[in-house]
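Inside the fold
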Amino acid sequence: MSRSQEALLFEKSKPGRRCTRWSGADRKAAIEGLPDSELRDQAPALPEMGELELMRHFTRLSQKNYAITTNFYPLGSCTMKYNPVVHEALAAESQWSGLHPLQDPGEVQGALGMMHQLQEALAEMTGLPAVTLHPAAGAQGELTALMVLRAWLDAQGQNQRRTILIPDSAHGTNPASCTLAGFRVVTIKTSARGLLDVEDLRQALGEDTAGLMITNPNTLGLFEEKIAEICQAVHQAGGKVYMDGANFNAIVGVARPGDFGVDMMHLNLHKTFSTPHGGGGPGSGPICVTEELRAFLPIPMVVEEEDGYRLEHQLADSIGRVRGFHGNFLVLLRAFAYIRRLGAEGMRRVAENAVLNANYLRVRMQEAWRIPYNRICTHEFVARPTKEMGEAGSKTLDIAKRLIEFGFHPPTVYFPLVVPEALMIEPTETESKETLDAFAEAMQQIAEEAIRGDEALRAAPQTTPVQRVDEARAVKDPQLCFRCS
Ligand SMILES: Cc1ncc(COP(=O)(O)O)c(C=O)c1O
């Protein structure tokens, strides 16, 4: 394709327009020292634009995006809460962002100290004393913990224990992580109360049980009332309990998993501890484990000694490295700042307000919507369309799309799988009563439309740059380049 043909693909490009004009001397200085073989013989095919048009173009594009800084984002399980801007400013400061992970530990004592203090804070909040900050997301935390479990089982001569029990309400990453770590998965039923069916669990426990993976509060937003009994049953059968901590914002500062019998868990710093996420990153999924499992954690570990902090690379039983360097450092820094600013009292209020907001919204929505497990919930709840709405042909997908026209991000839909047509709503603790009221009113209006089976629902959204996309194809065949047709 010739350069002029390519330029046609840039609908805003005008030949000869420039943001900056380089003098011959500038150009010469820029390429000085580069071998001739690395130099282009033709200019690259880039759009030709003035600075103002370019600025407007990118600003407009950014406004087509949806963000927590513009609107309410009640995406269940994802905890899309406000991330204080001051933490962004902190992470951008060059004494943090300018560090190199290969620097001599003696030169980065502040950074190592921050990591060590964060480990201690997470250990304190979870009641699980040994922490690694390495995993880059919740899912990688799950995998890391399962590798730790496997190494521990092997060290005990228990390598016949290769089955992990997982409730049918679990997030998809749980069984996926088990399979990747070389375990078999057995599914445990959800009871009529929306909790793990303890009888079913007892039946499944056996000589091959490596452990239970349980989310608490679970994905229905309900606290596992029998968690201590559940942990005891798993321990008696010789297994360990892994807790998926994606919903930790519901109990942080109130209950400690280590105290109710959990042996290992991950935390999603990018949810509970308020760091920006979405679009695949950046995330951080530290794991916290009991003292018994410490020796198996990944290397390097940040350790404190009399004369300062150092990185321990020699741990005989360690599962080794799980990612490059020391985790998503600037995400760790933001989470650390959040914890230090709020303090113990503030962390507790996070959980209290998350639970209060979810219950307020649940009660406001309960008349118009079906709420399958309608009792006091934790930080989120699951609703679904009523029978009448279903009979009028209104689906959860239509409702989610219609919400966009009211300026709200849709909740998580069709998850957990134990509730058909699920709408999983997590308001988070950072939203005001006015926002929750506005959302409840929008849901009320949508409920009326859904009962009538209005066309507005099926046609939504009409106010967005693109309407309904083939979401499966968008993932499998993304068009990421301007050259794609
Ligand atoms: C319950 C639950 N577990 C695990 C995960 C995986 O976490 P991450 O997206 O950080 O990999 C999620 C993410 O949404 C989740 O909601």
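Residues numbered from 1 in each chain as written. Predicted model: local features only at pLDDT ≥ 70, side-chain atom pairs only at ≥ 80, totals over all residues. Heavy atoms only, no water.

1. Topic: the site of the ligand
Spelled out, the test is: Here a residue is near a molecule or strand as soon as one of its heavy atoms is found within 4 Å of it. Between N or O atoms, a polar contact is any pair within 3.5 Å; within protein, one atom must be a potential hydrogen donor and the other a potential acceptor, and residues adjacent in sequence are included only when both atoms are from side chains. For the area figures, the Shrake-Rupley method with a 1.4 Å probe applies, and any residue is considered shielded solely by the protein chains shown. For the purposes of this entry, the term helix denotes a DSSP run of H or I that reaches at least four residues, the term strand denotes a run of E that reaches at least two, and both are numbered from the N terminus. The nonpolar class holds Ala, Val, Leu, Ile, Met, Phe, Trp, Tyr, Cys and Pro. Asp, Glu, Lys and Arg form the charged class, and all remaining residues, Gly among them, are polar.
Taken together, Ser 77, Ala 137, Gly 138, Ala 139, Glu 142, His 171, Thr 173, Asp 244, Ala 246, Asn 268, His 270 and Lys 271 make up the full set of residues adjacent to the ligand. Between the ligand and Ala 139, the relevant distance is 2.8 Å, taken from an oxygen atom to a main-chain nitrogen or oxygen of the residue. Calculation on the ligand without its partners gives an accessible area of 390 Å², and the protein chains cover 87% of this total. Of all the secondary-structure elements, those providing two or more residues to the shell around the ligand are α7 (138-155) and α11 (269-272). In terms of residue class, the shell around the ligand is made up of 3 nonpolar, 6 polar and 3 charged.

2. Quick look at the packing of helix α4 (residues 85-92) against helix α12 (residues 329-365)
So the rule is basically this: An axis is simply a line fitted to the C-alpha atoms; with a helix, the fit covers only the stretch in contact. Between two such axes, the angle follows the N-to-C directions and lies from 0 to 180 degrees. Roughly parallel covers angles under 35 degrees, roughly antiparallel covers those over 145, roughly perpendicular covers 65 to 115, and oblique covers all other angles. Note on convention: the crossing is left-handed when the near helix lies turned anticlockwise from the far helix by less than a right angle, right-handed when the turn is clockwise. In what follows, a contact means two residues having at least one pair of non-hydrogen atoms within 4.5 Å.
One way to put it is that α4 packs onto α12 with a least axis distance of 9 Å and a crossing angle of 135°. In this view, α4 runs oblique relative to α12, as classed from their interaxial angle. You can see that α4 and α12 cross each other, and the crossing is right-handed. Note on element contacts: α12 touches α4 through Leu 330, Leu 333, Arg 334, Ala 337, Tyr 338 and Arg 341, opposite Val 86, His 87, Glu 88, Leu 90 and Ala 91.

3. Focus: the environment of Leu 90
Along the polypeptide, Leu 90 turns up in helix α4. Measuring from C-alpha to C-alpha, the distance between Leu 90 and Tyr 66 comes to 24 Å, with 24 residues separating the pair along the chain. Apart from residues lying up to four places away in sequence, Leu 90 is in contact with Trp 96, Leu 333 and Ala 337.

4. Points about the domain arrangement of the protein
The line we're drawing: For the purposes of this description, domain bounds are those given by an automatic or database domain assignment. Summed over both partners, the accessible area lost on bringing two parts together, with a 1.4 Å probe, is the buried area. Salt bridges are identified by distance alone: a Lys or Arg side-chain nitrogen within 4 Å of an Asp or Glu carboxyl oxygen.
What the domain assignment reports for the protein is domain 1 (3-64), domain 2 (85-341) and domain 3 (345-476). For domain 2 and domain 3, the distance between their C-alpha centroids amounts to 29 Å. With 29 residues of domain 2 at the interface, the matching set in domain 3 holds 22 residues. Buried area between domain 2 and domain 3, summed over both chains or domains, comes out near 1,900 Å², and the portion from carbon and sulfur atoms is 62%. Broken down residue by residue, the surface that domain 2 buries against domain 3 is led by Thr 219, Leu 220 and Asn 249, which jointly contribute 28%. Our count for the domain 2 to domain 3 interface comes out at 0 salt bridges. There are 5 residue pairs in polar contact (both at pLDDT 80 or more) connecting domain 2 and domain 3. Grouping the amino acids of the side of domain 2 that touches domain 3 by side-chain chemistry returns 15 nonpolar, 11 polar and 3 charged.

5. Examining the environment of Arg 458
Here is the rule: For the exposure calls, accessible area comes from a 1.4 Å probe over protein chains only, and a residue counts as buried if that area is under 20% of its type's maximum, exposed if over 50%, partly exposed in between.
Relative to the helices and strands, Arg 458 resides in helix α16 (residues 455-459). Residue Arg 458 is classed as partly exposed on the basis of its relative accessible area, which comes to 35%. Put simply, Arg 458 and Arg 402 are 56 residues apart on the chain and 8.1 Å apart in space, counted from C-alpha to C-alpha. Dropping the residues within four chain positions of it, Arg 458 is found in contact with Ala 392, Gly 393, Ser 394, Asp 398, Gly 453 and Arg 468. Only 3.2 Å separates the side chain of Arg 458 from the backbone oxygen of Gly 393, close enough to count as a polar contact.

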